[in-house]
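Residues per chain are reported as follows:
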Amino acid sequence: MDITRSRPETRRGPAENFTGLVWLDEIAAPAPPSRMRLFTVRFAPGARTAWHTHPHGQVLHVQEGEGRVQREGGAVEVIRAGDTVWIEPDEWHWHGAGPRTFMTHLAAVEAAADGTTACWGAHVDDAHRAH
Ligand code: MN
């Protein structure tokens, strides 16, 4: 990749994997042997990922706003600018904005050997999502 580029192309988070308006900027996806993938993810109020896992875990660093994260079997947690969250490898979870706030986070993962960065499951419905 061209690491000197200053403006990544912004893509919509696909409806299969996200609810609401989500925008993804790929910040870094260097060539092997690195498997690092770094994104900025911007969630509109109420927008969130579907349930998913990451083969080698994930670091989330909230840059702006207030959001939510939930791990399987756990409570919905409030996350705010400055917070850093570690998701364990293969841990089912979702993350997104609070119901009335935007939220932007950095998301860092290590891809699996086959390039996979996430395994996707069911959408998070409004009843499940705590306010
Ligand atoms: Mn995740």
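Residues numbered from 1 in each chain as written. Predicted model: local features only at pLDDT ≥ 70, side-chain atom pairs only at ≥ 80, totals over all residues. Heavy atoms only, no water.

Let us now look at the coordination of the manganese ion. Ideal geometry at a metal centre gives angles of 109.5 degrees when four donors are arranged tetrahedrally and 90 or 180 degrees when six donors are arranged octahedrally. Coordination of the manganese ion by the protein comes from His52 (NE2), His54 (NE2), Gln58 (OE1), His93 (NE2) and His95 (NE2), over a distance range of 2.1 to 2.2 Å. Mapped onto the polypeptide sequence, the residues donating to the manganese ion form the spacing pattern H-x1-H-x3-Q-x34-H-x1-H. Highlighted residues: Gln58 in strand 7 (residues 58-71) and His93 in strand 10 (residues 93-97), separated in sequence by 35 residues. Assigned by exposure class, Gln58 and His93 land together as buried. (Donors = N, O, S within 2.8 Å, 3.2 Å for Na, K, Ca; no water. Helix = DSSP H or I, 4+ residues; strand = E, 2+ residues; numbered from the N terminus. Buried < 20%, exposed > 50% of the residue type's maximum accessible area, 1.4 Å probe, protein only.)

One can find Gly98 in the loop between strand 10 and strand 11 (103-110). Note on Gly98: relative accessible area 0%, which makes it buried. Between the C-alpha atom of Gly98 and that of Pro45, which follows or precedes it by 53 residues, the distance is 5.9 Å. Sequence-distant contacts of Gly98, that is, excluding residues within four places in its chain, are made with Pro45, Gly46, Glu66, Gly67 and Arg68. (Contact = heavy atoms within 4.5 Å.)

All right, on to the pairing of strand 3 (residues 22-28) then. Pairing of strand 1 (residues 10-12) with strand 3 involves three bridges; the strand directions are antiparallel. Its bridge partner lying in strand 3, Thr10 is registered against Asp25. Where strand 3 lies against strand 4 (residues 36-43), six bridges are found, and the strand directions are antiparallel. Across the sheet, residue Glu26 finds its bridge partner in strand 4, namely Phe39. (Pairing = 2+ DSSP bridges.)

Another aspect to go through is the environment of Gly46. Positionally, Gly46 belongs in the loop between strand 4 and strand 5 (48-49). Note: C-alpha distance between Gly46 and Val22 (24 residues apart in sequence) is 10.0 Å.

Here we take up the pattern of salt bridges. This model, assessed by the stated rule, comprises five salt bridges. Between Arg42 and Asp25 there is a salt bridge, with its nearest N and O atoms 3.2 Å apart. With Arg42 in strand 4 and Asp25 in strand 3, this pair connects stretches of sequence that are 17 residues apart. Since its relative accessible area comes to 8%, Asp25 is described here as buried. For the salt bridge of Arg71 with Glu77, the shortest nitrogen-to-oxygen distance reads 3.2 Å. Given the relative accessible area of 21%, Arg71 is considered partly exposed. Under the relative-accessibility criterion, Glu77 is labelled partly exposed at 34%. Residues joined by salt bridges that share partners form a network here, namely Glu66, Arg68 and Arg80. (Salt bridge = Lys/Arg side-chain N within 4 Å of Asp/Glu carboxyl O.)

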